[in-house]
Amino acid sequence: MKPLTIIFIFLISIILHSCSTEDPLPTIGENSFVASMDGKRFLAENWVHFPGGTQYGLLAYVRDNSWEISVSNTSGKIIYFYINNVFDPDAYLIEEGVSRLGPNPAETPTSVVIRNRSLDLLFLSVPQPEPEYIRITRVQGDSILIGEFDKITLTDPENPNNKTILTDGKININTNTLNQPEP
């Protein structure tokens, strides 16, 4: 084989590899969240609000076996998951999200809301013709919650034609170690 042919094949293989789709979502460890938002990876990550003021990218509150999980990163968007009455691993139907701030997770239907950092409502879940679920695969009281979802459709309450789609989501929470310094 001629050297020019070998170089050409090598260059074509590099170009084809660089054009491949995004890597699959990683396997996640304790206290992590990963999903795709409109086809782009959305990971929970801490960010600095002001010098010396770290804002945690993943927070969880549990009350009466109902979970509120907030996920943020440097994108300026915060995703709130409300998962109501979690006693056992199961599929939890996504219902209509609530637009008010600060709802008690125990009084909130299983739903998802996206806000920006100034807490303006951007998108909320609404029932879909094809039901959407968060599958909880492990729960241990108010300390451990592990789950996933395939797809969650959210709608702009001021423009129902404007939607955002969350896909391929994985949640892994341990409230005993969440946002604690490494030993």
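1. A few points about the pattern of salt bridges
- By the definition in use, this model includes two salt bridges.
- Between Arg-135 and Asp-150 there is a salt bridge, with its nearest N and O atoms 3.2 Å apart. Placement of the pair is Arg-135 in strand 11 (residues 133-140) and Asp-150 in strand 12 (residues 144-156), with a sequence separation of 15 residues.
- If you follow the salt bridges from partner to partner, you end up with Arg-135, Glu-148 and Asp-150 in one network.

2. Side note on the packing of aromatic side chains
- With the rule as written, the count across this model stands at three aromatic pairs.
- Ring centres 5.5 Å apart and planes at 50 degrees place the aromatic pair Phe-33 and Phe-81 in the tilted group. Here Phe-33, found in strand 1 (residues 32-37), pairs with Phe-81, found in strand 7 (residues 77-83); they are 48 residues apart in sequence, far enough to count as distant. The same class applies to Phe-33 as to Phe-81, namely buried.
- Judged by centre distance (5.8 Å) and plane angle (35 degrees), the rings of Phe-81 and Phe-149 are tilted.

Definitions and limits used
Residues numbered from 1 in each chain as written. Predicted model: local features only at pLDDT ≥ 70, side-chain atom pairs only at ≥ 80, totals over all residues. Heavy atoms only, no water. Salt bridge = Lys/Arg side-chain N within 4 Å of Asp/Glu carboxyl O. Helix = DSSP H or I, 4+ residues; strand = E, 2+ residues; numbered from the N terminus. Phe/Tyr/Trp six-rings, centres within 6.5 Å; stacked < 30°, edge-to-face > 60°. Buried < 20%, exposed > 50% of the residue type's maximum accessible area, 1.4 Å probe, protein only.

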